[in-house]
Amino acid sequence: MNQTIQYERYQRQLILKGFGMAGQQKLQQARVLVIGAGGLGCPIVQYLVAAGVGHIGLADHDKVSLSNLHRQVVFGTEDIDSYKVDVVNRKMFSLNSDVDISTWNERWTQQHCLQHFPDYDVIVDATDNFASRYLINDACVLLGKPFVFGAVSQFDGQVAVFNQSQTDGSRSVNYRDLFPLPPANGEILNCAEGGVLGVLPGTIGTMQATEAIKLITGLGTTLSNRLWNYNALTQEVFIMQLVSNPVSLQYMPSSEEQFIATDYEWLCGIPQKGIKEIDVLEWKQNFLDHLFVDIREPHEMPRLDTLCSSLGLEWMALPLSGLENNLSCLKDRNVVFVCQAGMRSLMAANMLMKASPDASVFSLKGGVLGLAEKSII
Amino acid sequence: MIEVMFFGQFKDATGVSSIMVEEVANTDMLIQMMKKRYPALESSTYMIAVNNAMVTENTIIRHGSKVAFMPPFSGG
């Protein structure tokens with residue numbers, strides 16, 4: 001790392017009241033760990049690198065895909081199939097070679113958190129699933145690290161600063177104070193299932209970068225004990241005051257041993273054993289005689305009418321929100337469930353298997369997106 | 001009247017971003033009323049805020065209050 005601060009590069013922020021050379025030096029000495037190099041992670045890293053944060057750690061096991069590009073604007077078409085962290089690392093060197101970047105192209109586990117969190121001042125949660133979010137939350141609480149949380153859902157986004165040290169020595173609330181336990185699998189849609197307006201993670205990630213810079217420099221008031229909610233359609237902002245929740249302590253691992261023993265993927269309902277998934281080709285070869293049930297909501301596109309009539313399928317649309325009350329009409333039927341990306345259909349298959357254990361019940365892997373990928377629709 | 005606001009996917013589940021309801025004494029009663037009106041909320045995970053302040057237990061709702069129903073978001 002270049003120890004002399006380039007005045008010209010940072011001139012526009014150096015002249016800010018309350019920032020100055022002291023603020024720039026704090027950034028230069030800071031170490032920030034960003035977990036997730038997708039829709040949120042890209043703008044976070046771009047702004048932190050541009051601002052002159054001295055060291056950035058970046059973890060993401062994913063490779064760039066075409067469906068990332070409408071929102072993950074660091075990547076270009078030529079980057080498809082490259083590890084995201086490698087592309088970000090290369091492009092950020094061109095933006096500001098003063099910044100030192102460490103990358104991990106593997107999925108983070110408890111061991112990664114315990115080994116690397118102590119080396120960082122601020123953790124930024126830029127992940128896209130509950131298993132990672134609860135893992136990061138619990139590790140930060142256990143190891144006493146502040147973290148900047150951000151998440152998106154369709155047109156809505158939210159940001160908060162969790163577990164920040166307060167003047168009285170306590171810590172600000174954390175994610176388990178809001179939601180002591182993760183939602184059931186399939187209850188909340190991710191971006192692949194529910195969609196996301198491309199610019200929204202840019203807005204939310206930029207807000208997270210702002211909070212990280214405030215945490216490091218001490219400027220302003222962070223979103224500690226506050227949840228900032230934003231709706232892109234109305235441009236309305238709703239800030240919620242947060243309080244600690246006594247229930248959260250029941251579920252928080254209180255030691256490293258307990259933390260290591262917690263199965264975050266199981267806790268967050270990542271595909272349970274026993275539910276049968278079939279891929280698109282298996283389905284077309286062997287299971288067209290099963291009732292095909294589209295459990296997406298009526299507004300989700302594309303609809304499957306044309307496909308089903310061309311294949312001569314017996315099929316129905318039965319949105320997941322009403323499935324529980326309509327399970328009796330599927331009882332003892334052999335069924336293949338389909339949704340947008342194959343997550344909610346797992347949940348539907350789980351529900352039906354409980355109600356009619358002897359039937360042949362499947363979830364179509366990859367969902368409608370998988371059908372489109374294989375050019376079946 | 002009380003304004004009930006829905007965030008994230010709850011807007012899909014209820015079909016509205018907010019509704020006005022007659023006076024309800026407390027958050028437990030309001031939750032029951034909303035679950036009856038919108039069965040999709042029955043098995044959902046949510047947190048509640050009354051007048052922009054998160055609540056963790058049954059809370060009195062005064063005339064003219066705004067109550068928010070917030071699901072967790074996972075996307076990134």
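For clarity, every value in this text was computed on a predicted model and none was experimentally measured.

### So, the overall build of chain B
Here comes step 1: Per the secondary structure count, chain B includes 2 helices and 5 strands.
Here comes step 2: For chain B, the sequential pattern of α-helices and β-strands runs β-α-β-α-β-β-β.
Here comes step 3: The C-alpha radius of gyration of chain B comes to 12 Å, within 12% of the 11 Å expected for a compact globule of 76 residues.
Here comes step 4: The C-alpha extent of chain B, read off along each of the three principal axes, is 35 × 25 × 20 Å.
Here comes step 5: A total of 76 residues make up chain B; the buried ones form 54% of that total.
Here comes step 6: Look at the contacts in chain B between residues 6 or more apart in sequence, and 51% of them connect residues 24 or more apart.
Here comes step 7: Summed over its atoms, the accessible surface of chain B is roughly 3500 Å², and 50% of this surface lies on carbon and sulfur atoms.
Here comes step 8: Both charge centroids of chain B, one from 6 positive and one from 7 negative side chains, sit 2 Å from each other.

### Looking at the domain arrangement of chain A
Residue and element names in this part refer to chain A.
Here comes step 1: As assigned here, chain A comprises domain 1 (7-267) and domain 2 (276-373).
Here comes step 2: Relative placement of domain 1 and domain 2: their C-alpha centres are 35 Å apart.
Here comes step 3: Between domain 1 and domain 2, the residue contacts involve 7 residues of the former and 10 residues of the latter.
Here comes step 4: Here domain 1 and domain 2 share 0 salt bridges between them.
Here comes step 5: The interface formed by domain 1 and domain 2 contains 0 residue pairs in polar contact (both at pLDDT 80 or more).
Here comes step 6: Among the residues making up the side of domain 1 that touches domain 2, the classes are represented as 2 nonpolar, 3 polar and 2 charged.

### So, the sheet that holds strand β12 (residues 335-338) of chain A
Paired through backbone hydrogen bonds, the strands of a sheet run either parallel or antiparallel to each other.
All names here are of chain A.
Here comes step 1: Strand order in the open sheet formed by 5 strands is β9-β13-β12-β10-β11, with parallel pairing between adjacent strands. Each edge of the open sheet is held by one strand with a lone partner, namely β9 (276-278) and β11 (315-317). Between one strand axis and the next, the sheet turns through 30° on average, direction left out of account.
Here comes step 2: Bridge count for β9 against strand β13 (residues 361-364) is 3 bridges, and the pairing is parallel. Note that in β13 the partner of glutamate 277 across the bridge is serine 363.

### Observations regarding a nonpolar patch on the surface
Here comes step 1: Nonpolar side chains collect at one region of the surface, where A:Phe155, A:Leu197, A:Val199 and A:Leu233 lie side by side and expose about 360 Å² of accessible area between them.
Here comes step 2: By the secondary structure assignment, A:Leu197 is in the loop between α8 (191-194) and α9 (200-217).

### Some remarks on the interface of chain B and chain A
Here comes step 1: Listed as interface residues are 25 residues of chain B and, on the opposing side, 41 residues of chain A.
Here comes step 2: For the pair chain B and chain A, the summed buried area comes to about 2700 Å², and 59% of that belongs to carbon and sulfur atoms.
Here comes step 3: Along the contact surface separating chain B from chain A lie 1 salt bridge.
Here comes step 4: Linking B:Lys11 and A:Asp156 is a salt bridge whose minimum nitrogen-to-oxygen distance equals 3.1 Å.
Here comes step 5: Inspection of the chain B/chain A interface yields 10 residue pairs in polar contact (both at pLDDT 80 or more).
Here comes step 6: Elements with a contribution of two residues or more to the side of chain B that touches chain A: α1 (10-14), β3 (47-50), β4 (53-55) and β5 (66-70) of chain B.

### Here we look at the side chain of A:Arg296
Residues and elements named next belong to chain A.
Here comes step 1: One can find arginine 296 in the loop between β10 (291-294) and α14 (305-311).
Here comes step 2: Among the polar contacts listed, one links the side chain of arginine 296 to the side chain of glutamine 340, at a separation of 2.7 Å.
Here comes step 3: Setting aside residues no more than four positions away along its own chain, arginine 296 makes contact with Met301, Pro302, Arg303, Leu304, Pro319, Val338, Cys339, Gln340, Arg344 and Val368.

### Observations concerning the state of the cysteines
All names here are of chain A.
Here comes step 1: Tallying each qualifying case throughout the model produces 0 disulfides over all chains.
Here comes step 2: Left without a disulfide partner, cysteine 339 is nearest to the cysteine sulfur of cysteine 308, which lies 14 Å away.
Here comes step 3: Residue class for cysteine 339 comes out buried when judged on its relative accessible area of 0%.

### With respect to helix α3 (residues 41-51) of chain A
Residues and elements named next belong to chain A.
Here comes step 1: Judged by how many residues are buried, α3 sits mostly within the fold: 8 of 11 residues are covered.
Here comes step 2: Those residues of α3 lying buried are Gly41, Cys42, Pro43, Ile44, Val45, Leu48, Val49 and Ala51.
Here comes step 3: The positive-phi residue at the C-terminal boundary of α3 is glycine 52, with phi of around 95°.

### A closer look at the pairing of strand β8 (residues 236-241) of chain A
All names here are of chain A.
Here comes step 1: Examined bridge by bridge, strand β7 (residues 226-231) and β8 share 6 bridges and lie antiparallel to one another. Counterpart to arginine 226 in the pairing with β8 is glutamine 241.
Here comes step 2: Here β7 folds back onto β8 in antiparallel fashion, the turn holding 4 residues, of which glutamine 235 has a positive phi close to 60°.

### Topic: the nonpolar core
Here comes step 1: Judged by nonpolar contacts, the single largest core of 46 residues is most densely connected at A:Val34 and A:Leu48.
Here comes step 2: Sorting elements by how many residues they give to this core places α9(A) first, with 7 residues.
Here comes step 3: Look past the residues within four positions of A:Leu48 in its chain and what remains in contact with it is A:Val32, A:Val34, A:Val53, A:Ile56, A:Ala209, A:Ala212 and A:Ile213.
Here comes step 4: Of all hydrophobic cores here, the second largest spans 42 residues; its members include A:Leu33, A:Ala59, A:Tyr175 and B:Met70.

The rules behind these values
Residues numbered from 1 in each chain as written. Chains lettered and ligands numbered in written order. Predicted model: local features only at pLDDT ≥ 70, side-chain atom pairs only at ≥ 80, totals over all residues. Heavy atoms only, no water. Helix = DSSP H or I, 4+ residues; strand = E, 2+ residues; numbered from the N terminus. Rg over C-alpha atoms; globule rule 2.2 N^0.38 Å. Buried < 20%, exposed > 50% of the residue type's maximum accessible area, 1.4 Å probe, protein only. Contact = heavy atoms within 4.5 Å. Areas by Shrake-Rupley, 256 points an atom, 1.4 Å probe, with all protein chains shown as cover. Lys, Arg positive; Asp, Glu negative; His and termini not counted. Charge placed at Lys NZ, Arg CZ, Asp CG, Glu CD. Domains from an automatic or database assignment. Salt bridge = Lys/Arg side-chain N within 4 Å of Asp/Glu carboxyl O. Polar contact = N/O pair within 3.5 Å; in protein donor to acceptor, adjacent residues only side chain to side chain. Nonpolar A, V, L, I, M, F, W, Y, C, P; charged D, E, K, R; others polar. Pairing = 2+ DSSP bridges. Axes fitted to C-alpha atoms, helices over the stretch in contact; angles between N-to-C directions. Patch = residues over 30% accessible without salt bridge, like charges linked within 9 Å, V, L, I, M, F, W, Y side chains within 5 Å. Buried area = accessible area lost by both parts, 1.4 Å probe. Disulfide = S-S within 2.5 Å. Core = buried A, V, L, I, M, F, W, Y, C linked by side-chain atoms within 4.5 Å.

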